[in-house]
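For reference, the chains in residue letters:
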Amino acid sequence: MHSFEWVEPKTMSEALDSLSLEDPNVRMVSGGTALMLMMKSGVFTPTKLVNLRSVQGFSEISVKDQHLCIGSLTSLAEIEHSTLVAKELPVLKDVMKKLSNVRVRNVARLGGALSHGDPHMDLPPLLSCLDASVCIQSKDSSRVMQVQDLYLGYYETALEKNELITEVLIPLKPKRHSVYMKCTTRSADDWPALGVAVDLLSNKNTIEDVRIVLGAVCEVPTTLSLTQNFLKNKLINDAVLDEAAKIALTEISPISDELGSSEYKLHLVSIYVKRAIQALMNKGAKNE
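Residues numbered from 1 in each chain as written. Predicted model: local features only at pLDDT ≥ 70, side-chain atom pairs only at ≥ 80, totals over all residues. Heavy atoms only, no water.

Visitor: Can you help me understand the sheet that holds strand 1 (residues 5–7) in this one?
Guide: Pairing is parallel in the open sheet, where 3 strands are placed in the order 1-3-2. Unpaired on one side and paired on the other, strand 1 and strand 2 (26–29) mark the two borders of the sheet. When the angles between neighbouring strand axes are averaged without regard to direction, this sheet yields 20°. Both strand 2 and strand 3 (residues 48–51) contribute to a ladder of 4 bridges, which runs parallel. Paired with Val-29 across the strands is Asn-51, a residue of strand 3. (Pairing = 2+ DSSP bridges. Helix = DSSP H or I, 4+ residues; strand = E, 2+ residues; numbered from the N terminus. Axes fitted to C-alpha atoms, helices over the stretch in contact; angles between N-to-C directions.)

Written as structure tokens, this is what we have:
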């Protein structure tokens, strides 16, 4: 492993001062679970690492203006065990239980997980489906971006080299139901071959509105817009779900990787889109 400069700022302002548009090999590190693997394998060689562990004030979970607000330095384990998350957004708590393993969740931070850009991660499709946004900060400016817009390609994000995520904002919509399902080829907490997030509003057995986002199938979280439009105001039955699955397959061009071929992933989509929608419709029926 090559030598590099190690910086430990006390404030976010000091941390941002360490970033540079000119040097793409400067990285922020808080959990470092993915970064350390990339360094050990030689995929990434930093010139400087900026340790955020001493920075205060960016690891709170709160509700403001009908949004669940989570600081970027919040660990995944803290989200998993938060009573506020369990109350306001139980789907997020459920996802955490099978997101990697306990050791990783104890160390990994939310901002780092979203900034990594790996298409196989669980949170990007779920948060995209929930219409979440991220607050992005640089030394001189700030902006807010939808989570889905953050991803541009394989390990590629819209973050500039001098920016970082400071907070995640998830709108709370009590009348809607959400679910995230994934298919793994090994253990339940492994990288998914497919992840599907569905968020819908239903009236008895009719879908009034729905969002469907796939992860791990394509290079970025992918919204099934045509499938969504087809399902709106539909009375859900087996025939409608079968047709929705057929439409979903026309909207994607899956990537082949070590977790599954493109053909295998197409097969998974046809199964899991129907399975996720039916699970939510059953849940809605029980609550009515």
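Visitor: Sorry if this is basic, but what is going on with the sheet that holds strand 14 (residues 222–223) here?
Guide: The strands that make up a sheet pair up through hydrogen bonds in the backbone, lying either parallel or antiparallel. Spatially, 4 strands are ordered 11-12-13-14 in an open sheet, and the strand pairing comes out antiparallel. Edge positions in the sheet fall to strand 11 (177–184) and strand 14, since each of these pairs with one other strand and no more. Bridge analysis of strand 11 against strand 12 (residues 192–203) gives 8 bridges, and the strand direction is antiparallel. Following the sheet pairing, Met-181 is matched in strand 12 by Val-196.

Visitor: Whenever I open this one, the side chain of Glu-251 confuses me. Can you help?
Guide: Locating Glu-251 in the fold gives a position in the loop between helix 10 (238–250) and helix 11 (262–287). Although buried, Glu-251 forms no salt bridge, and the nearest oppositely charged side chain, Arg-211, lies 12 Å from it. From its side chain, Glu-251 meets the backbone nitrogen of Leu-226 in a polar contact 2.9 Å long. (Buried < 20%, exposed > 50% of the residue type's maximum accessible area, 1.4 Å probe, protein only. Lys, Arg positive; Asp, Glu negative; His and termini not counted. Salt bridge = Lys/Arg side-chain N within 4 Å of Asp/Glu carboxyl O. Polar contact = N/O pair within 3.5 Å; in protein donor to acceptor, adjacent residues only side chain to side chain.)

Visitor: Help me understand the environment of Tyr-151 in this model?
Guide: Checked against the element boundaries, Tyr-151 lands in strand 8 (residues 151–153). A C-alpha to C-alpha distance of 24 Å links Tyr-151 and Ala-77, two positions 74 residues apart in sequence. In contact with Tyr-151, other than residues within four places in its own chain, are Leu-114, Gly-117, Pro-124, Glu-156, Thr-157, Val-220 and Pro-221. Looking at Tyr-151, its side chain comes within polar contact range of the main-chain oxygen of Leu-114, at 2.7 Å. (Contact = heavy atoms within 4.5 Å.)

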